[in-house]
Each structure stands twice: as C-alpha cells, then as structure tokens.
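# Observations on the three-dimensional arrangement
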Amino acid sequence: MQSTGIILAGGKSSRMGENKALLAFNGETVIERLVKELQAVTNDILIVTNTPEDYHFLSVKKVSDRYPNKGPLAGIESGLYHSTNDSNIIVACDMPFVTAETLEWLLSNLEGYSAVIPEVNGQIHPLLAVYHKKVREIAEKCIEANDLKLQIFLNQLKVKKVTEEDVTARSLVPFEQSFFNMNDPSDWRKAIQISSKN
C-alpha cells in the first residue's frame, strides 16, 4: 500500500528542556529511529517542523506548519497537505518504541474509514494513528474556527478504533509499548531503562 509517513516535530519540548526528537536512544536520535521504522512501511516520509535546520542530517522532506502556533492539529493538517498519498501515518517525534509492524498493522485497517485511532488502556492516541488525506479539509476548518482540540476534529471523522484486544491474535508484542511517549527527562530515563531490558 502506498502511504506517507508524517513525523510531527513541531512541539516546543518545554518540559523536556531540549528537542525531544534529537534525544539519544540506543546509539541514534529518536527521530532517526522513527525514520527507519517508517521507511520499512512507507514510500514517502516527511517531517513537519518549524526548525528544519535541526534535521539537516536526515535526507527526508521537511515542511512547516501552514498554521503556526496552533498545536498538533496544525501539524496533522500540514502533513496531510504536503502528502502525495491517500494513506498517511502520523507519528509524534517523542515515541521511541514505535515499530514498523505496528505501523503496518494500523495502515491495514484504514480501508472504509477516514482514520484509524488506537486506544490503549482506555486512552486514545491520535498522534500515532493513520489518516486519509481527505480529512485535511476538516482539520483546516477546525483550525480556522480555533477548535484546536484533537477530539473535536476526531468527532467529525469516520474513525476505526483499535485496541490491545484487536492485536492479541497477531502477537504484536510491543504494541502497548509503542505508545510510550517522552514528555520530560524522567520519561527519557524510563525509556532507556525499558530498552535495556528488551
């Protein structure tokens, strides 16, 4: 399936104190790891960032928010705007355990829906999810109305929710772990601990 992988790297990383995407993780930066996992399942990758110079070492396309300072919804909108495919994987830049297997499985569920949103332990994860390009217009309308909460956007889509139960039969072992995200230095230390045990 032709698809685009979109990495959202536009956050301010204020709680972390440094750029989360560039944190070292198992001998590489988190964003390098995400690019590798996406390359295994997509034919096109782009990074949504307002500081493209931070990612000069990556030979993938960089695009900026079309609506600056409007949060993750603007990142999704810009990524979908620049995408050349109907199927799009959105990944936040602070998720070090994302696997190609999980991404491929999420992609495989998109047919007939406008988005595939994982729900893990009762929490939805719209920033590790799959979206059809056509939902960009809905994202844009939400932004223009200043309705920036992702739930307002999702409520207007035909969403397929997938949960831990859906993947049990497929043995996607690190599925829950895939949704671990790093907000502050203690999360980063925890990620390195988890990684050393795997």
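Conventions and cut-offs
Residues numbered from 1 in each chain as written. Predicted model: local features only at pLDDT ≥ 70, side-chain atom pairs only at ≥ 80, totals over all residues. Heavy atoms only, no water. UniProt positions renumbered as here; feature names shortened; annotations may be inferred. Salt bridge = Lys/Arg side-chain N within 4 Å of Asp/Glu carboxyl O. Helix = DSSP H or I, 4+ residues; strand = E, 2+ residues; numbered from the N terminus. Buried < 20%, exposed > 50% of the residue type's maximum accessible area, 1.4 Å probe, protein only. Core = buried A, V, L, I, M, F, W, Y, C linked by side-chain atoms within 4.5 Å. Contact = heavy atoms within 4.5 Å. Pairing = 2+ DSSP bridges. Arc of directions from axis to C-beta.

In the nomenclature of an unreviewed UniProt entry, the protein corresponds to Probable molybdenum cofactor guanylyltransferase from the organism Cytobacillus stercorigallinarum. Database annotation for the protein, UniProt heading Sequence similarities (unreviewed entry): "Belongs to the MobA family." What the UniProt record of the protein gives under Cofactor (unreviewed entry) is the line "Mg(2+)".

## Considering the pattern of salt bridges
Pairs may arise between side chains of opposite charge once their charged atoms sit close together. Within this structure, the stated rule accounts for seven salt bridges. One salt bridge connects Arg-66 with Glu-140, and the closest N-O pair in it is separated by 3.1 Å. You can see Arg-66 sitting in the loop between β5 (61–63) and α2 (71–82) and its partner Glu-140 sitting in helix α4 (residues 136–144), a full 74 residues away along the chain. Glu-140 gets classed as buried once you look at its relative accessible area, which sits at 17%. Where Glu-77 meets Arg-136, a salt bridge forms, and the shortest distance between an N and an O atom there is 2.7 Å. Here Glu-77 is found in helix α2, whereas its partner Arg-136 is found in helix α4, with 59 residues between them in sequence. The class for Arg-136 is buried, based on a relative accessible area of 15%. Residues joined by salt bridges that share partners form a network here, namely Arg-66, Glu-77, Arg-136 and Glu-140.

## So, the nonpolar core
Core analysis: the largest hydrophobic core is formed by 36 residues, its most contacted members being Ile-7, Ile-31, Ile-47, Ile-89, Val-91 and Leu-103. Elements that contribute at least two residues to this core include exactly α1 (30–39), β4 (44–48), β6 (87–92), α3 (100–107), β7 (115–120) and β9 (128–132). When sequence neighbours within four positions are dropped, the list of residues in contact with Leu-103 reads Glu-37, Leu-38, Val-41, Ile-89, Val-91, Val-98 and Leu-128. Formed by 23 residues, the second largest nonpolar core is a distinct cluster that contains Val-63, Cys-142, Ile-143 and Leu-154.

## Topic: unusual backbone geometry
Phi is mostly negative for residues that are not glycine, and the peptide bonds are mostly trans. Backbone geometry places Asn-69, a non-glycine residue, at a positive phi of 60°. Here Asn-69 lies in the loop between β5 and α2. When its relative accessible area of 66% is taken as the criterion, Asn-69 is described as exposed.

## Examining the environment of Lys-20
As for its placement among the helices and strands, Lys-20 is situated in the loop between β1 (3–8) and β2 (24–25). In this structure the C-alpha to C-alpha distance between Lys-20 and Asp-94, which are 74 residues apart in sequence, comes to 5.8 Å.

## Quick look at the pairing of β9
Extensive coverage of β9 is indicated by the burial of five of its five residues. Burial of the side chains of β9 extends over both faces: Leu-128, Val-130 and His-132 are buried on one face and Ala-129 and Tyr-131 on the other. When β6 meets β9, the two strands line up antiparallel, connected through five bridges. Looking across to β9, one finds that Ile-89 is bridged to Val-130. Strand direction decides the pairing type here: β7 and β9, joined by two bridges, are antiparallel.

## Quick notes on α4
What α4 keeps buried is the set Arg-136, Ala-139, Glu-140, Cys-142 and Ile-143. Mapping the buried residues of α4 onto a view down its axis gives an arc of 160°, with all of them on the same face. Away from the buried face of α4 by more than 90 degrees, exposed residues Lys-141 and Glu-144 are located. Turning to α4, the residues buried within the fold contact α2 and α5 (150–154). One or two positions beyond α4, positive phi appears at Asn-146, with a value near 60°.

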